Amino acid sequence: MSASTPLPRAEATGDRAEAAIALDRRYEWKALEEHRAQLGSTHLRELFDADPERVDRNSLRVGDLHVDLSKNLVTDRTWRLLIDLARATRVADLRDAMLSGEHINVTEDRAVLHTALRAPRESVVRTDGQDVVPQVHRVLDHMAGFAEKVRARTWLGRTGRPVTRVVNIGIGGSDLGPAMAYEALRPYSDRGLEFRFVSNVDGSDLHEALIDADPATTLFVVASKTFTTQETITNAAEAKRWLLDALGREGDDEAVARHFVAVSTNADEVARFGIDTTHMFEFWDWVGGRYSYDSAVGLPLMIAVGPEQFREMLRGFHLMDEHFATAPAEANLPLLLGMLGIWYGGFHEAHTHAVLPYSHHLASFPAYLQQLDMESNGKSVQRDGRPVAWNTGPVVWGTPGTNGQHAYFQLLHQGTRLVPADLIGFARPGPDLPDHLRGQHDLLMANLFAQGQALAFGRTAEEAAAEDVPAHLVPHRTFPGNRPTTTILAGQLTPAVLGQLVALYEHKVFVQGAVWNVNSFDQWGVQLGKALAKRVEPALTDGEDVPGLDASTASLVEQYRSFRHRD
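Residues numbered from 1 in each chain as written. Predicted model: local features only at pLDDT ≥ 70, side-chain atom pairs only at ≥ 80, totals over all residues. Heavy atoms only, no water.

### Focus on the overall build of the chain
Link 1 in the chain: Each helix and strand in the chain was counted, giving 24 helices and 13 strands.
Link 2 in the chain: Computed over C-alpha atoms, the radius of gyration of the chain comes to 26 Å, within 12% of the 24 Å expected from 2.2 N^0.38 for 567 residues, which places it in the range of a compact globule.
Link 3 in the chain: With respect to the principal axes defined by its C-alpha atoms, the chain has extents near 75 × 65 × 65 Å.
Link 4 in the chain: In the chain, once contacts between residues fewer than 6 apart in sequence are set aside, the share between residues at least 24 apart is 72%.
Link 5 in the chain: Total accessible area on the chain is roughly 24700 Å²; 52% of this is exposed by carbon and sulfur atoms.
Link 6 in the chain: Positive and negative side-chain charges of the chain, numbering 55 and 74 respectively, have mean locations separated by a distance of 1 Å. (Helix = DSSP H or I, 4+ residues; strand = E, 2+ residues; numbered from the N terminus. Rg over C-alpha atoms; globule rule 2.2 N^0.38 Å. Contact = heavy atoms within 4.5 Å. Areas by Shrake-Rupley, 256 points an atom, 1.4 Å probe, with all protein chains shown as cover. Lys, Arg positive; Asp, Glu negative; His and termini not counted. Charge placed at Lys NZ, Arg CZ, Asp CG, Glu CD.)

Pasting the structure below:
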């Protein structure tokens, strides 16, 4: 940064005009650019060698989570500058506005109160003058009563037999969240019940969920806020036809009432479908879909693990919420993780972020985080509509270790792209794992620790030669290292730990959206393709002329109809 072109400190002056200054023109951003240039190619080996206390200063314990940040490409000065940027962009102010029920979702004029979903019963959380906590616990109690009936096998289907298979029909947040959490907490689930999750409008998804199902013992949970979501209602209507073909006839209200429940806000549409609205579980406009599985959207999960374990998960969420709301910036874990993302995306040109859980039960966690992060911060305009001029949300991806090590870790270790990664592991395996398999857990975790070390420190040419690697292979078996990782450890993947993990990433995403000045709580980009699909479908089925199709799409429609013999 040139001394001849100083930039104002918005936080120091308090001037509202300065507070609106573009992110990449801020003093704090320019200071980070200068710092990045000074660091140059400084290697993690150098940082560790120069600082015996590095690990201690860069490790945090929050609730059940121990987080090691020391293998990131940061110094103490990096942290100070990142925290300065967070303060200048008023992350804490937006956080407090969210927690107090202000309408921070500016494009939809809504509050953002997913944190209220896990607020204790005695809490008070207001939006628009109304305390929402009593509503939340009324629905939780309603869910618990229903879940206990299914778990006790006293919820009987049309023929008098108890329900033993639950099929959740939803999409997006109404599918990814409960499906991920069910897989994560399967060791705590009722193994006598089966659970399937249907989201894709591809008929194969529903077909596979029902191919071996008994209609007399199948319960459908249809999750759609408006109860008009095209994919969900298409699948629900077909499930209803399947059920009535086997157990009743069109108009058999009792069959539908005993085999369908709804998670929705639209009682009229639920009733029109034939579902008894006393078996409708509400959630609210201030709950975004990707933040909703700890609401009524989590009904299948509550049935699986029981109300007490579900509430234990909510307590884990709330623990991280309280930490985010009260911890100082220097020790605020979601803030620090969020600012690391700003550092890598804005100053290291890292365009992706890998989440690598060393846990079979977290296999769906990266996919869940894809929606949470990419739908929230995949934006190119600021909250006021101005275009952004800086990188926003990264591409989030990953699979469980050790599978990924035999797939894409080659690129992580020796590729040309910087990919920051989170390594997630647990000291103990699931509580129901047989003794003869528990010994494998040490091998699993040895791989996690080894990968973190190898990515950070690599192997020099001298080290390779010392290991008797032939000279002509030394370049191929040298690893540059300096690949950043964050390691998150917990004792065991319990309901409470899952809640803490998910809330940690929710708030990390919030922090990044606040710094980038984007609205993390709308998803208009989801709507365009869906709207166009409604226009294109008649061309596929009836050969209608659809105005506005580009030449490529029109040609593809014609080819499709030819394949389907619809000429």
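Text resumes after the structure shown.
### Topic: the packing of helix α6 (residues 76-88) against helix α16 (residues 333-347)
When two helices pack together, their arrangement is given by the angle between their axes and by how far apart the axes lie.
Link 1 in the chain: It is the contact of α6 with α16, at a shortest axis distance of 10 Å, that shows an interaxial angle of 100°. Considered as vectors, α6 and α16 are oriented roughly perpendicular to each other. Residues T78, W79, L82, I83, L85 and A86 of α6 form the contact with α16, whose participating residues are L335, L336, M339, L340, I342 and W343. (Axes fitted to C-alpha atoms, helices over the stretch in contact; angles between N-to-C directions. Parallel < 35°, antiparallel > 145°, perpendicular 65-115°, else oblique.)

### Some thoughts on the packing of aromatic side chains
Link 1 in the chain: Taken as a whole, this structure holds 21 aromatic pairs when the rule is applied.
Link 2 in the chain: On the basis of an interplanar angle of 20° and a centroid distance of 6.5 Å, the ring pair of F365 and Y368 is categorised as stacked. Within this pair, F365 and its partner Y368 are both found in helix α17 (residues 365-377), separated by three residues, close to a single helical turn.
Link 3 in the chain: Take Y368: its relative accessible area is 3%, and that puts it in the buried class.
Link 4 in the chain: Members of the aromatic cluster, each reached through a chain of ring pairs, are F220, F227, W242, F260 and F273.
Link 5 in the chain: Positioned over the ring face of F273 is K240, at 4.8 Å from the centre of the ring.
Link 6 in the chain: Directly above the ring of W155 sits R258, whose terminal nitrogen or CZ lies 4.0 Å from the centroid. (Phe/Tyr/Trp six-rings, centres within 6.5 Å; stacked < 30°, edge-to-face > 60°. Buried < 20%, exposed > 50% of the residue type's maximum accessible area, 1.4 Å probe, protein only. Lys NZ or Arg CZ within 6 Å of the ring centre and 35° of its normal.)

### Let's talk about the packing of helix α3 (residues 27-39) against α16
Link 1 in the chain: α16 packs onto α3 with a crossing angle of 70° between their chain directions and a minimal axis gap of 11 Å. Taken together, the axes of α3 and α16 lie roughly perpendicular to each other. Where α3 approaches α16, its residues W29, L32, E33, H35, R36 and L39 are matched on the opposing element by I342, W343, G346 and F347.
Link 2 in the chain: Broken down by class, the residue content of the contact of α3 with α16 amounts to six nonpolar, two polar and two charged. (Nonpolar A, V, L, I, M, F, W, Y, C, P; charged D, E, K, R; others polar.)

### Some remarks on the sheet that holds strand β5 (residues 165-169)
Hydrogen bonding along the main chain pairs the strands of a sheet, whether they run parallel or antiparallel.
Link 1 in the chain: Spatially, β6-β5-β7-β8-β9 is the arrangement adopted by the five strands of the open sheet, whose pairing is parallel. Both edges of this open sheet fall to β6 (194-198) and β9 (280-281), since each of them pairs with a single strand only.
Link 2 in the chain: Across five bridges, β5 lies against strand β7 (residues 218-223) in parallel orientation. Across the sheet, I169 pairs through a bridge with V222, a residue of β7.
Link 3 in the chain: Contacting β5, β6, β7 and β8 (260-263), helix α11 (residues 230-247) crosses the sheet at an angle of about 160° to β7. (Pairing = 2+ DSSP bridges.)

### With respect to the pairing of β5
Link 1 in the chain: Burial analysis of β5 places five of its five residues in the buried class, which makes it a mostly covered element.
Link 2 in the chain: Burial along β5 is two-sided: R165, V167 and I169 facing one way and V166 and N168 facing the other are all buried.
Link 3 in the chain: Bridge count for β5 against β6 is five bridges, and the pairing is parallel. Note on β6: the bridge partner recorded for R165 is E194.
Link 4 in the chain: In the classification by handedness, the crossover that spans β5, the intervening helix α9 (residues 173-184) and the parallel β6 is right-handed. (Right-handed = clockwise from strand over helix to strand, strands pointing away.)

### Considering helix α20 (residues 440-457)
Link 1 in the chain: Here α20 spans 26 Å end to end across 18 residues, near enough to the 26 Å set by a 1.5 Å rise per residue.
Link 2 in the chain: Listed as buried for α20 are H441, M445, N447, L448, Q451, G452, L455, A456 and F457.
Link 3 in the chain: Buried residues along α20 sit in contact with α4 (44-50), α18 (409-414), β12 (421-426), α19 (435-438) and β13 (485-490).
Link 4 in the chain: G458 sits one or two residues past α20 and shows a positive phi near 60°. (Expected span 1.5 Å × (residues − 1).)

### Digging into the pattern of salt bridges
Should their charged atoms come close, side chains of opposite charge can pair.
Link 1 in the chain: All told, the structure shown has 31 salt bridges when counted by the stated rule.
Link 2 in the chain: Note that E33 and K30 form a salt bridge whose closest N and O atoms lie 3.6 Å from each other. Of the two residues, E33 and K30 are both situated in helix α3; the distance of three residues between them amounts to about one turn of the helix.
Link 3 in the chain: Across the pair R311 and D141 runs a salt bridge, and its minimum N-O distance is 2.9 Å. Taken together, the residues R311 in helix α15 (residues 307-326) and D141 in helix α8 (residues 133-151) connect sequence positions 170 residues apart.
Link 4 in the chain: Under the relative-accessibility criterion, R311 is labelled buried at 17%.
Link 5 in the chain: Overall, D141 belongs to the partly exposed group, its relative accessible area being 36%.
Link 6 in the chain: It is possible to trace a salt-bridge network through shared partners that takes in R118, D294, D321 and E506. (Salt bridge = Lys/Arg side-chain N within 4 Å of Asp/Glu carboxyl O.)

### Digging into α17
Link 1 in the chain: Along its 13 residues, α17 runs 18 Å from first to last C-alpha, staying within 8% of the 18 Å computed at 1.5 Å per residue.
Link 2 in the chain: Taken as a whole, α17 has its buried residues at F365, P366, Y368, L369, Q371, L372, D373, S376 and N377.
Link 3 in the chain: Buried-residue contacts for α17 involve α9, β10 (352-357), β11 (395-397), β12 and α22 (495-516).

### Some thoughts on the pairing of β13
Link 1 in the chain: Across the six residues of β13, five count as buried, placing the element largely inside the fold.
Link 2 in the chain: Pairing of strand β2 (residues 65-68) with β13 involves three bridges; the strand directions are antiparallel. Bridged to V67 within β13 is I488.
Link 3 in the chain: In this sheet, β13 lies alongside β12 in parallel orientation, the contact comprising six bridges.

### Here's the deal with the UniProt feature "active site" (unreviewed entry) in the chain
Link 1 in the chain: In the numbering used here, UniProt assigns the feature "active site" (unreviewed entry) to E375, H406 and K530. A stretch of 156 residues holds the annotated residues, and the largest C-alpha distance among them is 36.5 Å, long enough that they do not meet in one place.
Link 2 in the chain: Looking at the element boundaries, E375 is found in helix α17.
Link 3 in the chain: With sequence-adjacent residues up to four places away left out, E375 is seen in contact with R290, Q370, D522, Q523 and V526. (UniProt positions renumbered as here; feature names shortened; annotations may be inferred.)

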